[in-house]
Amino acid sequence: MEGYLGTISRAVERGDDKQVIKIVKEALSTSMSPSDILERGLVPGIQALGKLFKDGEVYLPEVLLSCRAMDGGVEQLKPYLADTDMHNKGTVVLGTVEGDLHDIGKNLVRLMLECNGFSVKDLGVDVSADSFVSMAREHSADIIGISALLTLTMTSMPKVIKALEQAGMRQKVRIMIGGAPITREFADDIGAEGFAEDCMSAVDEATRLMRL
Ligand code: B1M
């Protein structure tokens, strides 16, 4: 099992999408759990690449190739993660905060929420506070999920809460936030009810928020 996972991680890190797709398919054919492939194969690969990027050992083109390889692997997993026989556990309006273009983590959160029975309206990246609020109204959202990967853009998260208050909707919608620089303490400070460290715990957190 480690063999497949390590190979997947290294192929994501190298940005080799063909190899990622091939090995993910092989791993699935051995009945390996799709969540193991995601959490212990694909995600460590993009994290390792992230470290190289941080250390200045690779540049944006390499990062984009790895993102494509990661997406290729996730596409293979989707049919295996989906549970077809589920009622809607709640509606989540999800997006990456204004000014921020990172969406790999947000897309994994969407995938895991959808696979666990939530209906997700994904607004994409660079989403303004007003868009979050108007889409939450339009879709009668139970939860607004906001992702941020930059320390600069995490400071825009309170704007969404303020816009929700101004629209008179604060009591109707719970806020869940996440992303690499986000902590539970930050969530508490800005008045967001929910925080999740990764895509798996986002499902537990969204389930908890539905009971509040
Ligand atoms: Co950027 N980038 N990037 N980048 N990038 C980071 C975030 C950075 C840490 C790299 C570094 O320098 N060390 C750094 C931020 C520094 C900081 O603010 N402290 C950085 C920078 C500086 C930048 C640019 C400014 C670079 C430049 O242009 N000079 C620029 C900014 C663009 C912008 O947004 N305006 C930029 C651009 C890019 C790319 C476009 C090249 C690409 C993004 C492509 C894409 O997303 N489609 C990119 C990437 C890929 C990264 C790194 C390498 C990887 C991010 C990632 O996908 N991680 C990243 C380095 C790193 O994080 N180590 C970096 C994997 C992903 C699975 O994890 O997103 O954390 P993550 O998601 C997790 C959890 O956080 C959580 O669940 C997910 C899955 O388990 N989670 C949630 C996420 N959202 C959640 C929401 C929830 C709950 C949980 O509830 C709603």
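You'll find the structure just up there.
Residues numbered from 1 in each chain as written. Predicted model: local features only at pLDDT ≥ 70, side-chain atom pairs only at ≥ 80, totals over all residues. Heavy atoms only, no water.

Peer 1: Can you walk me through the site of the ligand in this structure?
Peer 2: Near the ligand lie 32 residues; those nearest to it are L101, H102, D103, S147 and T151. Between the ligand and I104 there is a distance of 3.5 Å, counted from an oxygen atom to a backbone nitrogen or oxygen. Counting only elements with at least two residues in the shell around the ligand, the list comes to α3 (34-54), α4 (60-81), α5 (104-115), β3 (143-147) and β4 (174-178). Here the shell around the ligand is composed, by residue class, of 18 nonpolar, nine polar and five charged. Each of domain 1 (2-80) and domain 2 (91-209) accounts for three or more of the residues forming the shell around the ligand. (Near = heavy atom within 4 Å. Polar contact = N/O pair within 3.5 Å; in protein donor to acceptor, adjacent residues only side chain to side chain. Helix = DSSP H or I, 4+ residues; strand = E, 2+ residues; numbered from the N terminus. Nonpolar A, V, L, I, M, F, W, Y, C, P; charged D, E, K, R; others polar. Domains from an automatic or database assignment.)

Peer 1: Got a minute to help me understand the packing of α3 against α4 in this structure?
Peer 2: To characterise two packed helices, one gives the angle between the axes of the helices and the distance between these axes. Their axes nearest at 10 Å, the elements α3 and α4 cross at an angle of 175°. Judged by the angle between their axes, α3 and α4 are roughly antiparallel. Residues P34, S35, I37, L38, L42, V43, I46, L49 and F53 of α3 form the contact with α4, whose participating residues are L60, V63, S66, C67, M70, G73, V74, L77, Y80 and L81. When its residues are assigned to classes, the contact of α3 with α4 shows 16 nonpolar, three polar and no charged. (Axes fitted to C-alpha atoms, helices over the stretch in contact; angles between N-to-C directions. Parallel < 35°, antiparallel > 145°, perpendicular 65-115°, else oblique. Contact = heavy atoms within 4.5 Å.)

Peer 1: In this structure, what is going on with the coordination of the cobalt atom of the ligand? I would like to understand it.
Peer 2: Around a metal, the perfect tetrahedron of four donors has angles of 109.5 degrees, and the perfect octahedron of six donors has angles of 90 or 180 degrees. From the protein, the cobalt atom of the ligand takes a single donor atom, H102 (NE2), 2.2 Å away. Mapping H102 onto the fold places it in the loop between β1 (90-96) and α5. (Donors = N, O, S within 2.8 Å, 3.2 Å for Na, K, Ca; no water.)

Peer 1: What is the right way to look at α5 in this model?
Peer 2: In an α-helix there are 3.6 residues to a turn, and that puts residues three or four apart on one side. Taking 1.5 Å per residue, twelve residues should reach 16 Å; α5 reaches 17 Å between its end C-alpha atoms and fits that length. Across the twelve residues that make up α5, a large majority, nine, are buried. Inspection of α5 places I104, K106, N107, L108, V109, L111, M112, L113 and C115 among the buried residues, and these make up the whole buried set. Tucked into the core, α5 has its buried residues touching α3, α4, β1, β2 (118-122), β3 and α10 (199-211). Just past α5, the residue G117 takes up positive phi, approximately 95°. (Expected span 1.5 Å × (residues − 1). Buried < 20%, exposed > 50% of the residue type's maximum accessible area, 1.4 Å probe, protein only.)

Peer 1: Even after reading the chapter, I still don't get the sheet that holds β4, so can you show me in this structure?
Peer 2: Backbone hydrogen bonds are what pair the strands of a sheet, in a parallel or an antiparallel way. Sheet architecture is open: five strands sit in the order β2-β1-β3-β4-β5, paired in parallel fashion. At either margin of the open sheet sits one strand with a lone partner, and together these are β2 and β5 (194-195). Here five bridges tie β1 to β2, and the two strands are oriented parallel to one another. By the bridge assignment for β2, L94 is matched with D122. In this fold helix α6 (residues 129-138) packs onto β1 and β3, with an angle of close to 160° to the strand it touches most, β1. Across the sheet, helix α8 (residues 157-166) is in contact with β3 and β4; its angle to β3 comes to roughly 160°. (Pairing = 2+ DSSP bridges.)

Peer 1: Sorry, what's going on with the environment of R10 here?
Peer 2: Looking at the secondary structure, you find R10 in helix α1 (residues 2-14). Residue class for R10 comes out partly exposed when judged on its relative accessible area of 48%. Sequence spacing of R10 and G45 is 35 residues, and the spatial spacing of their C-alpha atoms is 5.9 Å.

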